[in-house]
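Structural description and commentary
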Amino acid sequence: MKKIVAFDFDGTLTNRDTLLMFILDAKGLVAFTIGFLYRLPLIIMMKLRLYPNYRAKEKVFSYFFKGMPLDTFNTLCQRFADTHRHLLRPQAVETLKQAQADGAEVLIISASIDNWVQPFFPSVKVLGTQIEVKDGCLTGNFLTKNCYGQEKVNRILEVYPHRDEYHLTAYGDSNGDKELLAFADEAHFKPFRV
C-alpha cells in the first residue's frame, strides 16, 4: 500500500508561524508597523471571532503585496527561506527526510502561501494557500481557499481521491490540523515540541 506522510508547516516543521515574519522580512519594520496599525481593527474583530480568519488573512496579505510582480514576490520568498532556516525544527526535518528515504510520498499541507513554503523544501510537494496572479502581478486575492481545517483534507483528496489505496501519516500542532489528523491512519499532534 502506498505511504503518504503529510506535515503541517507553521508550528510543526517550524517553531512559529511564518506569516508575520515573512511580511516583516519582505517589507521592513516601518512598513510592517504601519500596515498592522492600519489593519488593527480588522485583526481585533478576527480575534473576537466577529470576522473570519481567512478573510482577515487575505486582507492583510493584499495590503502588503497587491500589485507586486510575481517574480519579485518569489525572490522575497526564496530569500526568506535562505535566511530563516533557523525556524525549522531539526527533529521535524529529520523525520521528513527519513520518510522520504523510506520511500513515502511526503507532503507539506499548510495555510501558509505555497510560494514561501516551497523554497524551504524544494523536493517536497506543497499543498498550501495559493495566490492569484494576473498579468504577472499579485492581485492580493487567494486563488484557493485558505488551506486550514477541513480544507486540508479536501486538498489531499483532490490529489489522492482513492482513500483506500494509501496509508496516511499526518503531523500537526494546532486546531487547523484537527481534521487532517482525524483523517489520517496515524496521527502525531505536537510531536516535535521540546
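The notes below deal with the structure included here. (Residues numbered from 1 in each chain as written. Predicted model: local features only at pLDDT ≥ 70, side-chain atom pairs only at ≥ 80, totals over all residues. Heavy atoms only, no water.)

1. Structural notes on the overall build of the chain
Regarding its fold elements, the chain presents ten helices and seven strands. For 194 residues, the compact-globule estimate of 2.2 N^0.38 gives 16 Å, and the chain sits close to it at 17 Å. Here the C-alpha coordinates of the chain stretch approximately 50 × 40 × 35 Å along the principal axes. Here the chain holds 194 residues, and 48% of them are scored as buried. Relative to all contacts within the chain whose residues are 6 or more apart in sequence, the contacts with residues 24 or more apart total 64%. Here the chain has roughly 10000 Å² of accessible surface; of this, 55% comes from carbon and sulfur atoms. Mean positive and mean negative side-chain charge positions of the chain (24 and 22 charges, respectively) differ by 7 Å. (Helix = DSSP H or I, 4+ residues; strand = E, 2+ residues; numbered from the N terminus. Rg over C-alpha atoms; globule rule 2.2 N^0.38 Å. Buried < 20%, exposed > 50% of the residue type's maximum accessible area, 1.4 Å probe, protein only. Contact = heavy atoms within 4.5 Å. Areas by Shrake-Rupley, 256 points an atom, 1.4 Å probe, with all protein chains shown as cover. Lys, Arg positive; Asp, Glu negative; His and termini not counted. Charge placed at Lys NZ, Arg CZ, Asp CG, Glu CD.)

2. Observations concerning the pairing of strand β5 (residues 137–142)
Pairing between strand β4 (residues 131–134) and β5: three bridges, direction antiparallel. Note that in β5 the partner of V133 across the bridge is L138. Where β4 folds back on β5, the antiparallel hairpin that results is connected by two residues, among which D135 adopts a positive phi of roughly 55°. (Pairing = 2+ DSSP bridges.)

3. Notes on a nonpolar patch on the surface
On the surface, L37, L40, I44, M45, L48 and L50 cluster together into a nonpolar patch covering about 590 Å² of accessible area. Take L40: it is sitting in helix α4 (residues 40–47). Taking relative accessible area as the criterion, L40 reaches 37% and is therefore assigned partly exposed. (Patch = residues over 30% accessible without salt bridge, like charges linked within 9 Å, V, L, I, M, F, W, Y side chains within 5 Å. Salt bridge = Lys/Arg side-chain N within 4 Å of Asp/Glu carboxyl O.)

4. Here's the deal with the environment of I156
With respect to the helices and strands, the residue I156 is situated in helix α9 (residues 150–159). Distance from I156 to L107, taken between C-alpha atoms, is 9.1 Å for residues 49 residues apart in sequence. Discounting residues that sit within four places of it in the chain, I156 has contacts with A6, L107, I109, L127, Y166, L168, L180 and F183.

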